[in-house]
Amino acid sequence: MKVVSRFEANLLRILHFFLRRLPAEQALPLLDVGLKAPPCLGRPAVGLVQDALAKGTALLLARAGGWRRERNLRGEAVVAGRLWARTPPQELGLAFSGETLEFLVWVTAVNRKKPMGLVWEPELAKLTLGDQALLYFAYAALRESNAHRELDLPGRPALQKHGLCRLAFPEDFAGVKEEPPDFAPWTNGTGACVLEALQSELCDRWLQLERGKEDVSDHVRMRALGGSQELVLDTYYKAVEEAGRLDLARFLLRAAASVLPEGVAAQRWVGGLQAPMGARLADRAATYRAATAFLRSLERMAVWTSRARGTGYFDEGYAASQLWLADWEHCDGDARLARAREIIRHLDPLKTNEGQS
Amino acid sequence: MSRGYRIKVRESLRRVIRAHDRVSTQLELLEVLPSEQMAQLLTQELEGRGFQQKGGTLVRKQHGVTVTIDPKNGTVTVESETSQEAALEGETAGRGYDDLGPNSREVEKQLRGQLRQSLEKQAEEKAAELQSQVTGRLERELGDLRRELDQAVNRVTAEALKQKAAQIGQIKEITEDPQTGSLTIVVEV
């Protein structure tokens, strides 16, 4: 049996909550305790943290989508199977640094009513992929009870630069900063494998975001959300293009397929908006543009599709092109793109009357 | 014993109020011919419709609305702008214990501040009114402009198709239906 202090016990419970192994009701009250952090953690506690991270993150990624039989790129070739069949398990390991412990100590010691009472300023360059993956899981878990705002996580540089957090929760970072997130860790090597495992989680998030636009009534909020989506998507598309990993954008294609069924109308994106009296046409057009940020981003995928269709058998990147075309056709990309274009056109004041209303 | 004095304050506010609104879009021009030739055809068509070349763009001012079209990339910008000089005056009165001295100055300062706020509010209302006039004017113009640009794009596409057909072979017959906008070209290759 291992003996840990009360502080260490709280830290371990919070960690298990981040790893979705403990319900929020048992972990969230611990964020209000605000116990004083010890100078260092005991050896048994560190061992338990290591064990929880090693088993917890692997299990979490396997459950999130690693178990699905998918087809992804490995170098020039397309590999099919579950995540651990596509990449040897020894290459899937996540490395954690002392920054993870620093974060866990901070989140255990801080009182969420006074989040600035205790400093947490990690060195961004020192964050390993494992540290960043844990930050994502922690953010996602805390977000469900709005504790992420109480701890002012969206305002912290470590989260503002965090590609995965920005990609999954663009609305949280609306208007925070114009600084683009860093996707390099997530589009190469093991980071790309993490992103593959999280594809269905990310698809659900974007569906939620797009479907939620119907309920947005405030023009300013819509513009902030659209601006954040545009920045994230633009940066993400650039990153996957540079890494030659268009398959990592599959979740966006699937989200597009779900939000653009036959007969879909522009009202789904702007139906809830209430224009203030005497609103300028320019402002209304900017809001509509923001509302359709995701739909407009399909044009980028259309360029990939047209390029892929022109890639011959003996050309470089044939397998990757065929994989993208298979995804595009599976999602009926041409029909979705046509519907997206029609909605955008419908909201253009210079193309239809409705764009003015 | 102090007496009550009536203190009267007069203020004026002169301000130039500006209102501006604009919308922008892309022309849906098919690339039947290389983009430079399409741009040239579009330029010719728009010049025929009263647009004038200005620094690589085509500009037309009509009914207080300026339409700017970049023929190279098909960007259309429609804007309306106006300004008005607002001269606002107001007067208010209050009561003080003396006609000179600290109390009177304090009351006068307060009255002046209130009056200035009221004039500022009136100026804001005028600006909002002017803004809605400008937006209304822009909205009214957009309907006609939309139809005109659709026609211009159709004519440019038809002309481009004729030129393309002439490049492919010998044109035997051209049938145009101005009602439906359909164009049939018979080419002998």
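It should be emphasised that the depicted structure is a prediction, and the values quoted were computed from it without experimental measurement. (Residues numbered from 1 in each chain as written. Chains lettered and ligands numbered in written order. Predicted model: local features only at pLDDT ≥ 70, side-chain atom pairs only at ≥ 80, totals over all residues.)

## Things to note about the overall build of chain A
For chain A, the helix and strand inventory stands at 19 helices and two strands. On C-alpha atoms alone, chain A measures out to a radius of gyration of 22 Å, which is about the 21 Å that the 2.2 N^0.38 rule sets for 357 residues. Dimensions of chain A, computed from C-alpha atoms along their principal axes, come out at roughly 70 × 60 × 30 Å. A burial count over chain A gives 43% of its 357 residues as buried. The long-range share in chain A, meaning contacts at least 24 apart out of those at least 6 apart in sequence, stands at 73%. (Helix = DSSP H or I, 4+ residues; strand = E, 2+ residues; numbered from the N terminus. Rg over C-alpha atoms; globule rule 2.2 N^0.38 Å. Buried ≥ 20, exposed ≤ 12 C-beta atoms within 10 Å, placed from the backbone. Contact = placed C-beta atoms within 7 Å.)

## A closer look at the overall build of chain B
When helices and strands are tallied, chain B shows two helices and seven strands. Element order for chain B, N to C, with α for helix and β for strand: β-α-β-β-β-β-α-β-β. A globule of 189 residues ought to have a C-alpha radius of gyration of about 16 Å, yet chain B, at 30 Å, is considerably larger. Along the first, second and third principal axes, the C-alpha set of chain B runs to 110 × 30 × 20 Å. In chain B, 68% of the contacts between residues at least 6 apart in sequence involve partners at least 24 apart.

## A look at the pairing of strand β2 (residues 77-81) of chain A
Residues and elements named next belong to chain A. The sheet contact formed by strand β1 (residues 70-74) and β2 spans five bridges and is antiparallel. Bridging across to β2, Leu 73 finds its partner in Val 78. The turn linking β1 back onto β2 is made up of two residues, and Gly 75 within it adopts a positive phi angle of 70 degrees. (Pairing = 2+ DSSP bridges.)

## Considerations on unusual backbone geometry
All names here are of chain A. With a phi angle near 65 degrees, Asn 146 is a residue other than glycine that sits in the positive phi range. Its 10 C-beta neighbours within 10 Å are what place Asn 146 among the exposed residues. Even without being glycine, Asp 152 reaches a positive phi, approximately 55 degrees. Residue placement: Asp 152 occurs in the loop between α7 (147-150) and α8 (157-160). A count of 12 C-beta atoms within 10 Å places Asp 152 in the exposed class.

## Re the sheet that holds strand β1 (residues 5-26) of chain B
Residue and element names in this part refer to chain B. The strand order across the open sheet built from five strands is β1-β5-β4-β3-β2, with neighbouring strands paired in antiparallel fashion. Each edge of the open sheet is held by one strand with a lone partner, namely β1 and β2 (52-54). Across this sheet, the average inter-strand angle for adjacent strands is 30 degrees, counted without regard to direction. Pairing of β1 with strand β5 (residues 75-96) involves 22 bridges; the strand directions are antiparallel. (Axes fitted to C-alpha atoms, helices over the stretch in contact; angles between N-to-C directions.)

## Here we look at helix α18 (residues 318-330) of chain A
Residues and elements named next belong to chain A. Compared with an ideal rise of 1.5 Å per residue, which puts 13 residues at 18 Å, α18 spans 18 Å between its outermost C-alpha atoms and is within 8% of the ideal. Residues Ala 320, Ser 321, Leu 323, Trp 324, Asp 327 and Trp 328 constitute the buried set of α18. On an axial view of α18, the arc spanned by its buried residues comes to 160 degrees, and they lie on one face. For α18, the exposed residues set more than 90 degrees away from the buried face come down to Glu 329 and His 330. (Expected span 1.5 Å × (residues − 1). Arc of directions from axis to C-beta.)

## Details of helix α1 (residues 6-18) of chain A
Residue and element names in this part refer to chain A. A rise of 1.5 Å per residue sets the reference length of α1, with its 13 residues, at 18 Å; its end C-alpha atoms lie 19 Å apart and thus fit the reference within 8%. Along α1, the positions that sit buried rather than exposed are Glu 8, Asn 10, Leu 11, Ile 14, Leu 15, Phe 17 and Phe 18. On the buried face of α1, the contacting elements are α2 (24-27), α3 (43-66), α5 (98-109) and α6 (129-143).

## Quick look at the interface of chain B and chain A
Interface extent is often summarised as the accessible area lost during association of the parts. Across the contact, 14 residues belong to chain B and 10 residues belong to chain A. Among the secondary structure elements, those contributing two or more residues to the side of chain B that touches chain A are β1, β5 and α2 (102-168) of chain B. Each residue belonging to the side of chain B that touches chain A can be placed in one class, and the counts come to six nonpolar, four polar and four charged. (Nonpolar A, V, L, I, M, F, W, Y, C, P; charged D, E, K, R; others polar.)

## Comments concerning the domain arrangement of chain A
Residues and elements named next belong to chain A. Along its sequence, chain A is organised into domain 1 (1-197) and domain 2 (216-357). Relative placement of domain 1 and domain 2: their C-alpha centres are 30 Å apart. Contacts between the two partners involve 21 residues from domain 1 and, on the opposite side, 18 residues from domain 2. Mapped by element, the contributors of at least two residues to the side of domain 1 that touches domain 2 are β1, β2, α9 (163-168) and α10 (189-197). For the side of domain 1 that touches domain 2, the element with the highest residue contribution is β1, accounting for three residues. Residues belonging to the side of domain 1 that touches domain 2 are distributed by class as follows: 13 nonpolar, four polar and four charged. (Domains from an automatic or database assignment.)

## What about the packing of helix α11 (residues 199-212) of chain A against helix α13 (residues 250-259) of chain A?
Residue and element names in this part refer to chain A. At a minimum axis separation of 8 Å, α11 and α13 run at an interaxial angle of 40 degrees. Comparing the axis directions of α11 and α13 gives the class oblique. The chirality of how α11 crosses α13 is right-handed. On α13, the residues touching Gln 199, Leu 202, Cys 203, Trp 206, Leu 207, Glu 210 and Arg 211 of α11 are Arg 250, Phe 251, Leu 252, Arg 254, Ala 255, Ser 258 and Val 259. A class-by-class count of the residues in the contact of α11 with α13 yields eight nonpolar, two polar and four charged. (Parallel < 35°, antiparallel > 145°, perpendicular 65-115°, else oblique. Left-handed = near helix turned anticlockwise from the far one by under 90°.)

## Some remarks on the environment of B:Gly113
Residue and element names in this part refer to chain B. Mapped onto the secondary structure, Gly 113 falls in helix α2. When the 12 C-beta atoms within 10 Å are taken as the criterion, Gly 113 is described as exposed. Taking the C-alpha atoms as reference points, Gly 113 and Glu 11, separated by 102 residues in sequence, lie 9.6 Å from one another.

## Notes on the packing of helix α12 (residues 219-243) of chain A against helix α15 (residues 281-291) of chain A
Residues and elements named next belong to chain A. Their axes nearest at 8 Å, the elements α12 and α15 cross at an angle of 45 degrees. Taken as axis vectors, α12 and α15 run oblique relative to one another. Along this stretch, α12 crosses α15, giving a crossing that reads as left-handed. On the side of α12, the interface is formed by His 219, Met 222, Arg 223, Leu 225, Gly 226 and Gly 227, while α15 contributes Asp 283, Ala 286, Thr 287, Arg 289, Ala 290 and Ala 291. Partitioned by chemical class, the residues of the contact of α12 with α15 number five nonpolar, four polar and three charged.

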